[in-house]
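Each chain is listed here by its residues.
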Amino acid sequence: MNSEELLQNLNGDEEGVKKPAKSPLVSLENDLKFYAESMKEVAVEIMVEGISATPIFIAHQHQVSIGELILNHTELHTQWSIQASTLEEFVEKGIIHPNKKEHFLKSYKKPEHYMCILVIVPEGANFVYYPYPTEKK
């Protein structure tokens, strides 16, 4: 191998060299900014209609069998789809164990200010709280 080939490998110009992958959370944050108004409307509707005081959203890039699809990434030309659900459904389906419900509620942030999202990626799932944008006056 000559020095030019070595330098090319060091610079990462060769096709076989992998560049670090971007976190999927970068695209999720972009989509959440785009979706925020719609998601807040759904959360308020869930609470006002007495369905639940604890709305939970599910962000995914595949198919999930919990909640109701409210924002479809293929229709909206985005990266993430969003389902709407509730704490009650999470307990009913065994995602949150009944013994852990109180613990979950202690960490649950005000749904008027934060969206509670179960983010599902191939490596697993985690709850995150993302603030709704503040209204500018």
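A brief look at the structure comes next. No experiment lies behind these values; they were computed from the predicted model shown. (Residues numbered from 1 in each chain as written. Predicted model: local features only at pLDDT ≥ 70, side-chain atom pairs only at ≥ 80, totals over all residues. Heavy atoms only, no water.)

1. So, the overall build of the protein
Next, step 1: The number of helices and strands found in the protein is five helices and five strands.
Next, step 2: Secondary structure of the protein in N-to-C order comes out as α-α-β-β-α-β-α-α-β-β.
Next, step 3: Residues classed as buried in the protein amount to 31% of the 137 residues present.
Next, step 4: On the protein, roughly 9700 Å² of surface is accessible, and the fraction owed to carbon and sulfur atoms is 52%. (Helix = DSSP H or I, 4+ residues; strand = E, 2+ residues; numbered from the N terminus. Buried < 20%, exposed > 50% of the residue type's maximum accessible area, 1.4 Å probe, protein only. Areas by Shrake-Rupley, 256 points an atom, 1.4 Å probe, with all protein chains shown as cover.)

2. Observations concerning the environment of Val 64
Next, step 1: As for its placement among the helices and strands, Val 64 is situated in the loop between strand E1 (55-60) and strand E2 (68-71).
Next, step 2: For the pair formed by Val 64 and Ser 81, sequence separation is 17 residues and the distance between their alpha carbons is 9.9 Å.
Next, step 3: If near-sequence neighbours (up to four positions away) are discounted, Val 64 is found in contact with Ile 58, Gln 83 and Ile 120. (Contact = heavy atoms within 4.5 Å.)

3. A look at the nonpolar core
Next, step 1: Core analysis: the largest hydrophobic core is formed by 19 residues, its most contacted members being Leu 32, Met 39, Phe 57, Ile 82, Met 115, Ile 117 and Tyr 132.
Next, step 2: Listed by contribution, the elements that provide at least two residues to this core are helix H2 (24-48), E1, strand E3 (81-86) and strand E4 (114-121).
Next, step 3: In terms of residue count, H2 provides more of this core than any other element does, seven residues in total.
Next, step 4: Setting aside anything within four residues of it in sequence, one finds Met 115 in contact with Leu 32, Ala 36, Met 39, Phe 57, Val 128, Tyr 129, Tyr 130, Pro 131 and Tyr 132.
Next, step 5: One finds Ile 58, Ile 66, Val 91 and Tyr 108 within the second-largest nonpolar core, a separate group that totals 11 residues. (Core = buried A, V, L, I, M, F, W, Y, C linked by side-chain atoms within 4.5 Å.)

Keep in mind these numbers describe shape, not what the thing actually does.
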